[in-house]
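Close look at the chain arrangement
Each chain is listed here by its residues.
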Amino acid sequence: MSQSSGKQVMSGLRTVKRDFSSNSVTSSSQTTDSGESSRQQKLSASERRLKLIQDALSGMSAPEEKKQPFSGPGRTVATGSNSNFTGSKRSAPADNQPAAKKRQLPSSWNTSFDEKSSSIASYSSTRTLSASASANSATKTTITVASTTQSSSKTSGVFLSQEQTHILKLVEAGESLFYTGSAGTGKSVLLREIIRVLRKRFSKTPDAIAITASTGIAACNIGGVTIHSFAGIGIGVDSAEQLTTRIRKNKKAMSRWLRTKVLIIDEVSMVDGDLFDKLAQIGSALRKDPRPFGGIQVIVTGDFFQLPPVAKGDPKFAFEADYWKKAVKKTFNLTKVFRQSDPEFVDMLNEMRFGRLTTDSITRFMRLSRPIQYDDGVSATELFPRREDVERANGTRMRTLNTETHEYTASHGGKLFGTEQGEKLLTNFMAPGKLTLKLGAQVMLIKNMDEMNVNGSMGTIVEFVEPNQYLQNPDDPYVASTKPGSKPNSAAPASKEPKKTAAMGMKWPVVEFTNPKRKMLIQPESWKVELPDGEVQISRTQLPLILAWAMSIHKSQGQTLERVKVDLARIFEKGQAYVALSRATSLEGLQVLNFDPAKVKAHPKVVEWSRTLEVVPV
Ligand SMILES: Nc1ncnc2c1ncn2[C@@H]1O[C@H](COP(=O)(O)OP(=O)(O)OP(=O)(O)O)[C@@H](O)[C@H]1O
């Protein structure tokens, strides 16, 4: 998908006319999601929100660093830490693939973890070979291997819009600010760029930047920790004075507060207003500086039209906090929508965001119930509010595939690994602890591999191969760019090189992606949660794939999907319908069942507040 440069697709209550650079991007963005706990499936909506917050409360007292692979079921037949690959073999193209169009993606697509990680992460996988689709008849072989975490930082051109650039410059100038914007306006893209720039600036004192978010999932998404974890405030219910006393007794938390120069808070919509005030006061007290947050530069972002703070009654939003205006000197509303290029669709989504649909839009949404046929075998991803529905839908599709089963079990590390807190943190990773794949399975990439295959790219598993047997298509732009003598493409994925270490017989999936049509060997990647001082709390190494016939709305947050199917009859929370439908890039790729205008609701306080939100001209 490319943005149509001629259109001005804008969003927000107040939009301003500006010239924006045209950008072409297909799909992207980083997200993580809660994972495996079946307990979580049974929780009510508010309980789940509460659990998210509780999940965020880990990391207060870290035990000694641990790092150990998960031992998967079955028989361990090989340890591959010393079995090296000698390099990829290239021969005839696997198929005649059209020259793929390059995407313009920010260089910050990959988290700092990717950039830094060259360490060996053990990866253990369980490959279940089964002649039939029945799991019972499976012959199991467990192969334990070690693989190198790929380093795939990008230096490709960043084409931030004018308004994104303006905000980035103010951040660089040391301004404290808040920026928001509707779905698809590039908040995450900008945040990643901000983080990249700040990391570069503070490369000698990395703990000067505190990257935080309101929930563990959101924090994982940006390679940070929860705001509670950073602040050392437990669940944060005590008074600011009590919490200050508590932090003073916690050497590490105290040092974090004193060393931080920039505090990033993502998904601020879920930060309670009282908590925001407490944090502002705690910073002043600890740093002996009367300014909010003790003079730390704060960069706050999020969309208040999405999930509200967890509250028994009416939530108190961060924008209602006494210190909000004092702490956040400038407020921006990103207005250019990147995800959708169709102005009609953008308008419909906007109306939905504000919970005020016109009759026309209702009719148009209703019409989206028609079935859509795709001829390349990749169906629309069905979005469900509940995880059990997702598992059921993916499971049903998997069972129809009469092909061998491959099971990949993640390996883990970090100081909290093996503790209850660590287990909770692991639920925030998008990558599952155990990944079961089959030939023909529809999958989604959950990490940016290069300019073309990014987080959100959809495809089908067409092969399982040993990496040293994999023949890369020589027509692939990355192969071309790394011919002897040519300058290597800095954005080229490390994955096209076989991982340095893998057990003999270990097979990884080859995915044929749809847009652009291209095959890629997928090997393990690592994710981690770390504190600003670099202390890794928890890490997971797993294949960067998830099954993608169905996905939870929660997991889809932050994703850009070309084919989406949503049954709104299942929606039960404010903002869910908006999040789900706004993942789609076009009306053509969106099917909506049981559209009900009554389910499209926005919080009145947010609607009211958004009226006062000025768009600062850039
Ligand atoms: N400057 C840009 N140039 C080109 N594409 C961009 C730019 N900024 C964002 N995009 C694209 O727009 C899409 C949405 O971006 P992003 O996920 O950052 O939006 P968001 O505001 O965080 O959305 P959401 O609130 O739905 O998570 C992505 O596909 C991304 O690649």
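Conventions used here
- Position numbers for residues count from 1 along each chain, tracking the sequence in the order it is written.
- For a predicted model such as this one, the threshold for reporting local features is a pLDDT of at least 70, and the threshold for listing and counting side-chain atom pairs is 80 or more; totals across whole chains, interfaces and linings nevertheless cover every residue.
- The basis for every side-chain value is the complete set of non-hydrogen atoms in the structure, without hydrogens or water.
- UniProt positions are given in the numbering used here, feature names are shortened, and annotations may be inferred rather than shown by experiment.
- Numbered from the N terminus, helices here are DSSP runs of H or I no shorter than four residues, and strands are runs of E no shorter than two.
- Any pair of residues with heavy atoms lying within 4.5 Å of one another is described as a contacting pair.
- Identification of polar contacts relies on pairs of N or O atoms within 3.5 Å, with a donor-acceptor requirement for protein atoms, meaning one able to donate a hydrogen and the other able to accept it, and with residues adjacent in sequence counted only if both atoms are side-chain atoms.
- The classification of residues rests on relative accessible area computed with a 1.4 Å probe and restricted to protein chains. Under 20% of the type maximum is buried, over 50% is exposed, and intermediate values are partly exposed.
- A pair of strands counts as paired when DSSP detects no fewer than two bridges linking them.
- Helix axes are fitted to C-alpha atoms over the stretch in contact, other axes to C-alpha atoms as well, and angles between N-to-C directions run from 0 to 180 degrees.
- What we call a nonpolar core is a set of buried Ala, Val, Leu, Ile, Met, Phe, Trp, Tyr and Cys residues that are connected through their side-chain atoms within 4.5 Å.
- A pair of Phe, Tyr and Trp rings is counted when the ring centres sit within 6.5 Å of each other, with Trp represented by its six-membered ring. The angle between the planes then sorts it: under 30 degrees is stacked, over 60 is edge-to-face, the rest tilted.
- Here roughly perpendicular refers to angles of 65 to 115 degrees, roughly parallel to angles under 35, roughly antiparallel to angles over 145, and oblique to all remaining angles.
- Amino acid classes used here: Ala, Val, Leu, Ile, Met, Phe, Trp, Tyr, Cys and Pro are nonpolar; Asp, Glu, Lys and Arg are charged; the rest, including Gly, are polar.

**So, the UniProt feature "binding site: ATP" (unreviewed entry) in the chain**
The feature "binding site: ATP" (unreviewed entry), as annotated in UniProt, sits at Gly 181, Ser 182, Ala 183, Gly 184, Thr 185, Gly 186, Lys 187 and Ser 188 in this numbering. Among the secondary structure elements, Gly 181 is positioned in strand E6 (residues 177-181). If sequence neighbours within four positions are ignored, Gly 181 has contacts with Lys 187, Gly 302, Asp 303, Asn 333, Leu 334 and Arg 353. Position of Thr 185 relative to the elements: it lies in the loop between E6 and helix H5 (187-201). At 2.6 Å, the side chain of Thr 185 forms a polar contact with the backbone oxygen of Ser 182.

**Focus on the pairing of E6**
Most of E6 sits inside the fold, with 5 of its 5 residues counted as buried. Burial along E6 is two-sided: Leu 177, Tyr 179 and Gly 181 facing one way and Phe 178 and Thr 180 facing the other are all buried. In the sheet, E6 pairs with strand E10 (residues 297-301) via 3 bridges, with the strands oriented parallel. Note that in E10 the partner of Phe 178 across the bridge is Val 300. The pairing of E6 with strand E11 (residues 330-334) spans 5 bridges and is parallel. In the sheet register, Phe 178 faces E11, and the bridge partner there is Thr 331.

**Concerning the sheet that holds strand E26 (residues 590-593)**
Pairing is parallel in the open sheet, where 4 strands are placed in the order E24-E12-E25-E26. Sheet topology places strand E24 (550-552) and E26 at the edges, where each strand pairs with a single neighbour. The sheet shows a mean angle of 25° between the axes of neighbouring strands, direction not considered. As judged from the 4 bridges shared by strand E25 (residues 564-567) and E26, these two strands associate in the parallel manner. Of the residues in E26, the one forming a bridge with Val 566 is Val 592. Contacting strand E12 (381-384) and E24, helix H14 (residues 387-399) crosses the sheet at an angle of about 165° to E24.

**Here we look at the sheet that holds strand E17 (residues 458-465)**
The sheet built from 5 strands is open, its strands ordered E20-E19-E17-E16-E23 with antiparallel pairing. The open sheet has two free edges, formed respectively by strand E20 (517-521) and strand E23 (545-547), since each of these has just one partner strand. Here the strands of the sheet are splayed against their neighbours by 40° on average, with no regard to which way each runs. Bridge count between E17 and strand E19 (residues 508-514): 6 bridges; the pairing is antiparallel. Bridge pairing links Phe 464 to Pro 509 in E19.

**Quick look at the UniProt feature "DNA-binding region" (unreviewed entry) in the chain**
Under the feature "DNA-binding region" (unreviewed entry), the UniProt entry names residues 576-595. End C-alpha atoms of residues 576-595 are separated by 13 Å, and the span's content is 30% helix alongside 20% strand.

**Points about the side chain of Thr 180**
Here Thr 180 is to be found in strand E6. A polar contact is formed between the side chain of Thr 180 and the backbone oxygen of Gly 302, at a distance of 2.7 Å. Among residues more than four places away in sequence, those in contact with Thr 180 are Lys 187, Gly 302, Asp 303, Phe 332, Asn 333, Leu 334, Arg 353 and Leu 613.

**Some points on the pairing of E19**
Most of E19 sits inside the fold, with 5 of its 7 residues counted as buried. Relative to E20, E19 is paired through 5 bridges, and the arrangement is antiparallel. The partner of Phe 513 across the bridge, within E20, is Arg 518. In this antiparallel pair of consecutive strands, E19 and E20, the connection spans 2 residues.

**A closer look at the nonpolar core**
In terms of nonpolar packing, the biggest core is built from 87 residues, with Trp 257, Phe 293, Phe 304, Trp 324, Met 352 and Leu 581 touching the most fellow members. Setting aside residues no more than four positions away along its own chain, Leu 581 makes contact with Phe 345, Leu 349, Met 352, Phe 365, Val 566, Leu 568, Leu 590, Val 592 and Phe 595. Leu 160, Ala 208, Ala 213 and Phe 332 belong to the second largest nonpolar core, which has 27 residues in total.

**A look at the packing of aromatic side chains**
For the structure on display, the rule yields 15 aromatic pairs. Measuring from centroid to centroid gives 6.0 Å for Phe 304 and Phe 317, while their planes differ by 85°, and the two rings are edge-to-face. Taken together, the residues Phe 304 in the loop between E10 and helix H11 (324-327) and Phe 317 in the loop between E10 and H11 connect sequence positions 13 residues apart. Looking at Phe 304, the relative accessible area reads 2%, which means it is buried.

**Things to note about unusual backbone geometry**
A cis amide bond, omega 0°, links Asn 515 with the succeeding residue Pro 516. Secondary-structure assignment places Pro 516 in the loop between E19 and E20. A positive phi is found at Phe 293, a non-glycine position, where the angle reads about 60°. On the secondary structure map, Phe 293 appears in the loop between helix H10 (273-287) and E10.

**Focus on the packing of helix H9 (residues 251-259) against H10**
The geometry of H9 relative to H10 is characterised by a closest axis approach of 10 Å and an angle of 90° between their N-to-C directions. Put simply, H9 runs roughly perpendicular to H10. Every residue of H10 that contacts H9 at Met 254, Trp 257 and Leu 258 is listed here: Leu 279, Ile 282, Gly 283, Leu 286 and Arg 287. In terms of residue class, the contact of H9 with H10 is made up of 6 nonpolar, 1 polar and 1 charged.

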